[in-house]
Amino acid sequence: MGCGLVISLLYIVSFFICTNKSLEAFLLVSTRAAKNKQTTTISKNEQCSLILMFVHRKHKNNDKKLREGEDLISPIHRQRQPNKYWNNIENVRKELFEFWDKNNVTSVTKNKPPIPSETLLNYFGRHDLRQVVKKYGGRDTLSLKLGGEIEIIHGKWSIAVNQSLVVQELIHKINNNLRADIPPLSPQQRKEAIKLGIKVVTLNSTKTDKDIIIDDDYRIKTRWSHNNNSSGIVSQGVKKTRRPYNYWTERLVLQKLYDYMNETCKIKQRPSIWMPQLSEIRSSGREDLYQAIQRFGGAQKIAYIAGLVPYCEWQNFEEMFFLMKETARFLDQYHDGNRLIFPSGKEINEKKEFMELYYLIRKHGGVYMVSSRLGFMERYGRSNRRKADGLELMYGPFSIDFGIELFTLIRTEQMKVYPPTSRRSITIPSEYELFRKKRDDLNEGIHKYGGHENVARRLGLALFQPTREKKGKKYRI
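All of these numbers come straight from a predicted model, not from anything done at the bench. (Residues numbered from 1 in each chain as written. Predicted model: local features only at pLDDT ≥ 70, side-chain atom pairs only at ≥ 80, totals over all residues. Heavy atoms only, no water.)

1. Examining helix 18 (residues 355-363)
Phase 1: Taken together, the buried positions of helix 18 are occupied by Leu 357, Tyr 358, Leu 360 and Ile 361. Taken around the axis of helix 18, the buried residues stretch over an arc of 165°, which confines them to a single face. Turned more than 90 degrees away from the buried face of helix 18 sit Glu 356, Arg 362 and Lys 363, all of them exposed.
Phase 2: Where helix 18 ends, the next residue or the one after it, Gly 365, has phi of about 110°, a positive value. (Buried < 20%, exposed > 50% of the residue type's maximum accessible area, 1.4 Å probe, protein only. Helix = DSSP H or I, 4+ residues; strand = E, 2+ residues; numbered from the N terminus. Arc of directions from axis to C-beta.)

Next comes the structure, spelled out in structure tokens:
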């Protein structure tokens, strides 16, 4: 039956333009196939009815959405640009000009296209240009890289309408549905409107007078503002004060970030030189700081300027530290402290208190990879010196207790450092640093397990940059 239906469905495509029949033919074929449970032969008329039914339903649903005004704007699928396409500033210039040209704005030149505001880029679904603006450090920086003397559309809609001739020309276009007195809906307002069951009228959509009233009423009563509400929506006509234009500067962003880290790092017992995750800043109610960091280039750029360790760096450190401590606790609890045999994934999964350890092992390559990195020569009774894909996976001898001691020292020293720091990565301590801290046991362990480079690679640490003495001063090699 299956083979016959597949062949028949493939045959349907060749009769796509045939005469439309009643849907009863499709129901008849389905009933016949269910009763006989044998190979079913579908006639040409039945095949045409089947395919036309799907086409009819699809167009009927689309027409219904257009009539009801439910066609929420979504970004037109654009072909992905090749690698390093946006690194060429001329490509950015070309894309900015095409943005205005496709919206029938004729007062824009190719050499100096205005940089649109984030409101306009959101409204027209050009999220690729939004990310490019962030990549270049904001609209002011991008304007300088484009040669300067380029118009920057003001972020506040009322000011942009009064000052920019480009925006005024854009509003007068019939197919844009933009108004001078009411700003376009932001993505946050659009999502909130959907939750409240309000019809959102967008680009190129057919709307009635009732829809216009509902849409404008919602847009008048709601405004985006920087406040403690993580959703960014101010409802029930309550309008809070917004930061003045040009309030945020790079120095102010760094100052607010340092203040935030001083408050939270003491509570979470985390070093103050570790850059927090943006989602953490946002969930804690600091939407203003989150938006400011995004505007000035993103978390990675701000972390470099502020002299902080990026989130991905210290997250890997914390996961490896937790993995070693939990593995040692598991072995002490269920294997009498035996450090030779690594427990199987099934055994760890059965213990509910060690579920986080189980998922971390899977994230870092599985039992075979983790047990090899931590120096376990045997894994649940089998030798760990087996070959994987023709290559022998072997890191050499190691002690998990030594790794825990080393990570404890590194984290303790990180807690003593205040931003900004010149070391933007978590490095393995040098022999001189360990000697100064009177940790000869760790120095001996590092030499025993292959030296600084081998231990750093095994545990995912950065290798320190060696220095040497010259005329009473230290300098980097």
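2. Quick look at unusual backbone geometry
Phase 1: Look at the link from Pro 419 to Pro 420: it is a cis peptide, with omega at -5°.
Phase 2: Mapped onto the fold, Pro 420 is located in the loop between helix 20 (400-415) and helix 21 (431-436).
Phase 3: One non-glycine residue, Asn 104, adopts positive backbone phi at about 60°.
Phase 4: Relative to the helices and strands, Asn 104 resides in the loop between helix 4 (89-102) and helix 5 (118-123).
Phase 5: Positive phi is not limited to glycine here, since Lys 438 has a value of about 60°.
Phase 6: Summarising the element assignment, Lys 438 is placed in the loop between helix 21 and helix 22 (440-448).

3. Description of helix 20
Phase 1: Taking 1.5 Å of rise per residue, 16 residues should cover 22 Å, and helix 20 covers 23 Å from first to last C-alpha, within 8% of that figure.
Phase 2: The set of residues buried in helix 20 consists of Ile 400, Phe 402, Gly 403, Ile 404, Leu 406, Phe 407, Leu 409, Ile 410, Arg 411 and Gln 414.
Phase 3: Residues of helix 20 that are buried sit in contact with helix 16 (311-334), helix 21, helix 22 and helix 23 (451-459). (Expected span 1.5 Å × (residues − 1). Contact = heavy atoms within 4.5 Å.)

4. Structural notes on the nonpolar core
Phase 1: One finds Leu 374, Leu 459 and Leu 461 to be the most contacted residues of the largest nonpolar core, which totals 42 residues.
Phase 2: Among the elements that line this core, the one with the most residues is helix 16, at nine residues.
Phase 3: With sequence-adjacent residues up to four places away left out, Leu 461 is seen in contact with Phe 317, Phe 407, Ile 410, Ile 426, Ile 428 and Ala 456.
Phase 4: Counting residues in hydrophobic clusters, the runner-up holds 31 residues, among them Tyr 85, Ile 89, Ile 115 and Ile 153. (Core = buried A, V, L, I, M, F, W, Y, C linked by side-chain atoms within 4.5 Å.)

Functional significance is not addressed by these values, which are geometric in nature.
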